[in-house]
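# An overview of the molecular structure
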Amino acid sequence: MKPPPRAPDLARKLLAQPLTECVACVREGGALPSDLVSAAFDRADDVGAGRESLNIFLATDRVRATESAKELTALIGRAEAPGNLAGAPVAVKDNIATLHMPTTCGSKVLEGYVSPYEATVVRRLRANGAVIIGKTNMDEFAMGSSTENSAYGPTRNPVDIRRVPGGSSGGSAAAVAAGIVRLALGSETGGSVRQPASFCGIVGVKPTYGRVSRYGLVAFGSSLDQVGVLGRSVEDTAIGLEVIAGCDQLDSTSADVPVPRYELEKNARLDGLVIGKPKEYYPEGLDPRVAERCERALDAFRELGAEVRDVSLPHTSYSIPVYYVVAPAEASSNLARFDGVRYGLRVASESGLTGMYEATRARGFGPEVTRRVMLGTYVLSAGYYDAYYKKAQSVRTLIAQDFRDVFLSGVDVLFTPTTPTPAFELGAVKDPYEMYLSDIFTASANLAGVPAISVPIGTASGLPIGGQIIAGHFEESAMFRAAFGLERALAGKALPGEGSA
Amino acid sequence: MAVTREDVVKVAKLANIAIDDARLDALARELSTILGHMEELAQVDTERVLPAEGLSSGGQRLRADHGPADPLFNAPATFAPEMRDGFLIVPRLATHEGSPERSP
Amino acid sequence: MSAAATADYEMVVGLEVHVQLKTRTKAFCACSADFGAPPNTNVCPVCLALPGALPVLNRHAVELALRAALALECKVNETSVFARKNYFYPDLPKGYQISQYDRPLAEKGWLTIGELDEHTPVRVGITRVHMEEDAGKSVHDRYPGATAIDLNRAGVPLIEIVSEPDMRSAAEAGAYLRLLKQILSYAGVSDVSMEEGSLRVDANVSARIRGTTKLGTKTEVKNMNSFSAVERALDSEFARQVELLRGGGTVQQQTMLWHGTKGETRPSRSKEESHDYRYFPEPDLPPLVLDMEWVGRVGREIPELPDARRKRMAEEFKLSAADAELLTASAGMSEYFEAVARASLDPKAALNWVMGEVSAAINAAGVTIDQFAVRPADLGELLRMVRDDVLSHTAAKRVFARMVETGKPPAQVAAEEGLQKIGDDSALVGWIDEVLRENPAEATRYRNGETKLQGVLVGLVMKKSKGRADPRKVNQLLPERARS
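This report concerns the structure included in the present document. (Residues numbered from 1 in each chain as written. Chains lettered and ligands numbered in written order. Predicted model: local features only at pLDDT ≥ 70, side-chain atom pairs only at ≥ 80, totals over all residues. Heavy atoms only, no water.)

Next up on the list: unusual backbone geometry. Here the residue pair Gly167(A) and Ser168(A) is connected by a cis peptide bond, since its omega of 10° sits within 30 degrees of zero. In this structure, Ser168(A) sits in the loop between strand S3 (131-136) and helix H6 (170-177). Here the residue pair Gly67(B) and Pro68(B) is connected by a cis peptide bond, since its omega of -5° sits within 30 degrees of zero. Looking at where Pro68(B) falls in the secondary structure, it is placed in the loop between helix H2 (21-38) and strand S1 (83-84). The phi angle at Asn16(B) is positive, at roughly 55°, despite the residue not being glycine. Examined against the element boundaries, Asn16(B) turns out to sit in the loop between helix H1 (5-15) and H2. One non-glycine residue, Asn223(C), lies in positive phi territory at about 75°. Relative to the elements of secondary structure, Asn223(C) occurs in the loop between strand S12 (219-222) and helix H3 (227-246). For Asn223(C), a relative accessible area of 38% puts it in the partly exposed group. (Helix = DSSP H or I, 4+ residues; strand = E, 2+ residues; numbered from the N terminus. Buried < 20%, exposed > 50% of the residue type's maximum accessible area, 1.4 Å probe, protein only.)

Okay, here's the thing in C-alpha cells:
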C-alpha cells in the first residue's frame, strides 16, 4: 500500500484537533504516528517547555517515542486494531511508573530511579495506541498546589509564565495547555488534577475512587489517590478515561464496575437534569470574578433546560482539616519505603543504619514532604490517634454522607467553582496552610470518593477560571454529559470583562 | 495543641528524618499552626459515626494462589544502592554490632 | 534455684505462636513462597515495595487461616480489617507490616491439653487468630560491619495464634505447643517446623504467689528454637523472676532473649521502648468481608483432627489406646498406616510393620513419612503376599529392604530376586533330601521318632532355599522323605 502524501504540518494541525479526528486520521493512514511525535516535540521546543522556561518535563524520550510510533505504523500496516488513542502523543505525570524513563515523583529521593515495571494505566495507554513522550513535573510526591515543591524547579503556567500552573499535576496541565499533547495523565489526592486544569484553562477529570487502577501510581494518600486525565476538551478527557478505567486484579481497591461508553451527543440539551448549587461553595468572600463566571455557567445550564437547585453540604468546611489529617497520615506510612535500602537515594552516615535512614530521608525529601510526613507521623502516634486520625475519619464519613444525601434527594450533579482564585504568581503563597486552602473546593470529592471534573468557564484579566461538576459514585456519565453541555454552551461566548482586559 | 520542640524530636525519630537543630523550633511552630486548624474537628459530634474505612464497600477481592508474579523487567541489582552475592547490603544494625547472633 | 525455692510461686504463661501458612504463593503477591531459592529471586514489585505497587490478598491463605481458626474452635469474624504496623527495619520493605490489629480474623477459641494423661485436662483459651505477612531475612554474620537482606521470605503468609495466660507450668506450655502443632499439621495449615522457621514461639511469662489471682508483671521471652527450648526458657525465666520477687524486687516488663547455650534469659538489647507502631487501617485493602457459607464449607472440609482420628482408628482397626495414641502422634504416620491397613486387609500386620520396619527405615534414612520411598499401597500388597503365602515372612523382610532402596513394587522385587515361595514338590524334595543327607545324625534321630527335630530340619530346608520354600509344604513332605 502506497501511503498518501503526509506533511509535518498536517501532524502539527492534527495536534490542535480533537482526539477523535487525530486518531481517525492515523487509523486511516492519513498521518504517521511518528510525525505526531515530531510535531509534539517541535511544539515543546517552540513554546519553551524546557528546564529554563516552562519546565514542563522531568524526562522525555524522543528516540523511544519515535520507535513506538513506528511499531504502531507497522500495526496499522498489518490492519491490526491500533486502539482508541492510536498515535496520540501523551504525557504522564512523574509519579506514575513507566519503563525506560525515570519515575522520580519530583523528588531527590528517587533521582534517576527507573521503574522495572509499568503502571496499569500506562499499559492501558500503550495497548490503545498512545505514544508516551515524557514524564511531567509535579510537586514532590504530589504534595502541593503550585508545582513549586518540585525538587527540579517549578513549572510555569503557559498562559502567564509569572504564574504557577497549579499543582500537583502542574507539568501535565502545562503540557496540555501549551498544546504539546492533547491528553496527559495526572493524579489526584485533594484536587491535583482539577486545580491545575482550572489554572491553565483546560479540562481535568478526577474519576470515582476505584474507577481507575492505582497499581503503579506512587502512593501519597492511598484512600484518596486516583489517576486523573487532563485534556483540551471534555470529549478528549472522556476518551482518555475510557481507556484507563476499569477493574484491575492488581489493585484491591479498584472497583468491579463496568465502564460505560461515555456518549456525548452534540447539541444535546440538558432537560430534566437537576444541578445542585451547594451554598457552602459560594461563600461571601469568594473572589467576585470567580463568582461571576459561576453564575454565568449556571445560567448556561438553565438555558440548556437544566434545573438549578440550591442545596447544602453542611460538613464542607471540615474538608480541609480532615484532608490534612488523613492524607499526611497515610503519606507518612507510604513514604516509609524510601529508606535507601532497595532503590533510590542512599546517603551514607557514620552512625550506622539509623544514621543512613535519617540522612537519606533528610536529604531526599524537600521541606513540604518533610512537614507532611512529620504531621502524619504525629497524628498517628500514641496518644493522638483518636483525637486526630480517628476523629478525622469519622468526620470524613459525615462529608461522604452529605454527598450521598444530596444525590439521593434527586440532584444529578453539583456545580461549584474549582478554585477560590485564578492562578497566583510564583512565590506569592508562602504560608503552608494558606496553600492548603487552594484545595478548599476540591478535597471533599476525594474524601467522599465521588467523581468531579473541572471545565473552563471563562477568564478574568486573561487568567482562566474553572467550574467544577461533581457527580455521585460511578456516575461519570452524568458528569460528562453536564460538562459537555456547559463546554458547548460557553464555546465562543465571550463574557463581559473577559479577553485582554 | 502546641507541638513542642521535644515532640518534633520524637516524631523525627519515629519518621527517621534528621532535622537540623536550627529547623526544630520553626517546624514545631508550623506543625502547631496546622494542627491548630484541625482543632475545629473537635466541634463535630461523631459519637454515633463510624470512621471511614476505605471507600470501596463490598469487601475485598481475593486472588487465586498461583503465579506468575508481575515480572521485573530489570533485576534488583540494576536499581539497588548496594548488593553482594544477591543480598541487599545495609550498615549493620547497632543492636547486632560485634555480635554473631541472628535477628530475633 | 531448686524446685522447692519456687514452690510457693506459680508460673503464668501465655503463648504467641506464628505459623507460616502452606500456600504456593505469598500473601499479597504471586511470588513463590518456597524456601531455598537464591537470595532476592522470589521477589516482585509488591514484595520489594517498589513505588506504586499494591497488595492483593491470597484466597488460599485466608482459607488456611480459617481452617486453623475453626480447628481451634474460634469464632470467625464476618468482617475483619487489615492494618499497617509501622516501623523501620531493613528486612521490612514497605516500612510497615500488613497485619490484623483491632479486628482480627477470629477470636475466642480453645484447646484442651492433657486429656490422655491421668491428671485433669486443662482448657487453654485462644484469644485470637489473625493474619499477617512475614518480613525478609536479615543475615548479620555474613559480612563484616554489614547486614545482608534477603526478601524471598518477605510477604509470606502467617497467622498469629495468641493464647490466654492459661498455662501454669513449662510442661503445660510444652503440651499446648505439641498439640497445637499436631492440629495444624492434621488440618494441613502449615508444615509447622520450628527448624525451618515455619513455626515460631514467643512466651509471655509472669510469677505470682500461689493462691493469689492478680497477674504479676510479665516478660516476653523470645529466641527459642525448639519446644524443649521453650520449656527450659520458661523454667529459667520463672526462676529469675521468683528470685527477684523474693528479694523484694520487681519484675520489669521487657523482652528477654533465651540463650540456649548458657541456659538463661537475658534482656534484649533492641530498643523496644521506642516502639510506637502507629497502627491504622490499611487503605490499600478494603475490609475482609467473608462469605459465611464459604466459612462453613471450609469448616466442614477440615481434614480429620487428631482426637477424632485416634478414636476412629482405635475402633475401626481394633487398636489399643496406646497404639492409637502412638500412631496418631503424626498426621503423616497415621495416614500411612491407614492406607497400608486398607490395602493389606490386615490391620494387625500393618500396625506391626508401620511401627516396626517402616519407622526404623525412615529414621535410618532421615526422611519424613511423606518422602518415604515405599508407598503405602505397595507395602499393603507386600503384606497381602505374606498373607496369601506367596512370600514367607523372612522373604518379605528382604523384599521390603529392596523396596526401600529402589521404590519398586513388591511383586517386581520378589520376581527379580527370586524370592517367591516355592511350593513345587520336586524342588522341595531336592532340598529336603539334601538336608537329610548333610545332617545324618539328626535325620536318624528324627526317623527314630524324635519328632521335635522336625522344626530344626524344616528350618534348615528354609535356609537352603533362601527362605523361598513354602514351610507348610516342607512340613508335609518331610516325614515321607525321611521314611523313604
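There is more to say, and it comes next.
Residues and elements named next belong to chain C. Relative to the 20 Å expected for 14 residues at 1.5 Å per residue, helix H10 (residues 393-406) spans 20 Å between its end C-alpha atoms, a close match to the ideal helical length. The set of residues buried in H10 consists of Ala-395, Ala-396, Val-399, Phe-400 and Met-403. All buried residues of H10 project into a common sector of 140° when viewed along the axis, lining one side. Set apart from the buried face of H10 by more than 90 degrees, the exposed residues are Thr-394 and Glu-405. A positive phi of about 75° marks Gly-407, the residue just after H10. (Expected span 1.5 Å × (residues − 1). Arc of directions from axis to C-beta.)

Our focus in this paragraph is the packing of aromatic side chains. Enumeration over the complete set of coordinates arrives at 28 aromatic pairs over all chains. Considering the side-chain rings of Tyr113(A) and Phe79(B), the 6.4 Å spacing of their centres and the 80° angle between planes classify their relative orientation as edge-to-face. Here Phe79(B) lies in the loop between H2 and S1 and Tyr113(A) lies in the loop between strand S2 (89-93) and helix H5 (120-127), a pairing that spans two chains. Relative to Phe480(A), the ring of Tyr262(A) lies with its centre 4.9 Å away and its plane at 55°, an arrangement referred to as tilted. Separated by 218 residues along the polypeptide, Tyr262(A) in the loop between helix H8 (234-244) and strand S7 (274-278) and Phe480(A) in helix H16 (residues 476-490) bring together distant segments of the chain. On the basis of relative accessibility, which here comes to 7%, the residue Tyr262(A) falls in the buried class. Every member of this aromatic cluster is reached through a ring pair, and the members are Tyr113(A), Phe141(A), Phe338(A), Tyr343(A), Phe365(A) and Phe79(B). Directly above the aromatic system of Tyr282(A) lies the positively charged group of Lys277(A), at a separation of 4.8 Å from the ring centroid. (Phe/Tyr/Trp six-rings, centres within 6.5 Å; stacked < 30°, edge-to-face > 60°. Lys NZ or Arg CZ within 6 Å of the ring centre and 35° of its normal.)

Note that every value here comes from positions in space, so none of it alone points to a role or purpose.
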